[in-house]
Amino acid sequence: FFFQAEDGIRDFCLSRGLGDVYKRQILSTVCYKIGQSPAVYAFEGAIECGGSSINWLRNKLHLFSSYDELNTIEERAPDNGGVYFLPAFNGLFSPYWRSDVTGKIAGLTFHSGKDHIVRALLESICYRNRDVIDAMEEDSGIQIKTIRVDGGVTTNPFIMSFQSNLLQKTLVKNDVQESTCLGAAFAAGIAAGIWKDTNEVATLIRRAKTYTPDASLKPRLDESYNQWKKLVF
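Here's a quick rundown of the structure. (Residues numbered from 1 in each chain as written. Predicted model: local features only at pLDDT ≥ 70, side-chain atom pairs only at ≥ 80, totals over all residues. Heavy atoms only, no water.)

**A look at the side chain of glutamate 48**
- Relative to the elements of secondary structure, glutamate 48 occurs in the loop between strand S4 (40-44) and helix H1 (51-59).
- A polar contact is formed between the side chain of glutamate 48 and the backbone nitrogen of phenylalanine 93, at a distance of 3.0 Å.
- A polar atom in the side chain of glutamate 48 sits 2.9 Å from the side chain of arginine 128.
- If we skip the residues at most four places from it in the chain, glutamate 48 touches Pro87, Asn90, Gly91, Leu92, Phe93 and Arg128. (Helix = DSSP H or I, 4+ residues; strand = E, 2+ residues; numbered from the N terminus. Polar contact = N/O pair within 3.5 Å; in protein donor to acceptor, adjacent residues only side chain to side chain. Contact = heavy atoms within 4.5 Å.)

**A closer look at the layout of surface pockets**
- Approximately 170 Å³ is the volume attributed to the second largest pocket.
- Residue lining of the second largest pocket: Gly51, Ile54, Asn55, Tyr67, Asp68, Leu70, Asn71, Gly152, Val153, Thr155, Asn156 and Ile159, and that is the complete set.
- Here the element with the most residues in the lining of the second largest pocket is H1; it accounts for three residues.
- Split by residue class, the lining of the second largest pocket holds five nonpolar, six polar and one charged. (1 Å grid on protein atoms, 1.4 Å probe; cavity = no way out; pocket = protein on both sides within 12 Å on 5 of 7 lines; lining within 4 Å. Points joined across faces, edges and corners; volume = space filled by probe spheres on them. Nonpolar A, V, L, I, M, F, W, Y, C, P; charged D, E, K, R; others polar.)

**Concerning the environment of phenylalanine 89**
- Note on placement: phenylalanine 89 falls in the loop between strand S5 (84-86) and strand S6 (104-106).
- Overall, the relative accessible area of 35% leaves phenylalanine 89 in the partly exposed class.
- Measuring from C-alpha to C-alpha, the distance between phenylalanine 89 and threonine 102 comes to 5.9 Å, with 13 residues separating the pair along the chain.
- Not counting residues up to four positions away in its chain, the partners in contact with phenylalanine 89 are Cys49, Ser53 and Trp56. (Buried < 20%, exposed > 50% of the residue type's maximum accessible area, 1.4 Å probe, protein only.)

Here it is as structure tokens:
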């Protein structure tokens, strides 16, 4: 899913320039360019798969039939049962850039059930996002406080809550699920004179839901993240 970050003072989307590769190998990309104004660049944390890994779990392993089932995964699996999933179906992109790594499921025991595997995969999406966020903060020297999210995966309340707690950051879900399309419409509207500038269109963005982290969960989730990273190295 896509996200935009804030440090409590300003939106965090600027980078030093197109084509930069930072010490943690987070890329930069063109975020937008309006008229004759200079282009605005953004950090790009390329993640190889997110929602597509969920599709694989349903279509190839048949561990669930409806996406609605994933909304209540926490009821059926209160924890991951020690199961960890590395969604490296096409290697690992940011910040590892390793094509030799393949997908893995680790920690299986006789206690493990299909819901543990499903939960482990959903958690892995959040772990990969933490990889990118940690790298962005390290490269930029900016402590991100709030992240605006959109995309199909944001419809899952478990992923959003787990992601917020794992990052210890506030997540703000927009009322428009596909913000890329909305951004293109805003850019066209500015060009056509419907709106004056990006400051005006920013007032049109509405929040659908806000997820606030639980600080008491940080030690346990940090340990889970460190356990998951052992699958990478």
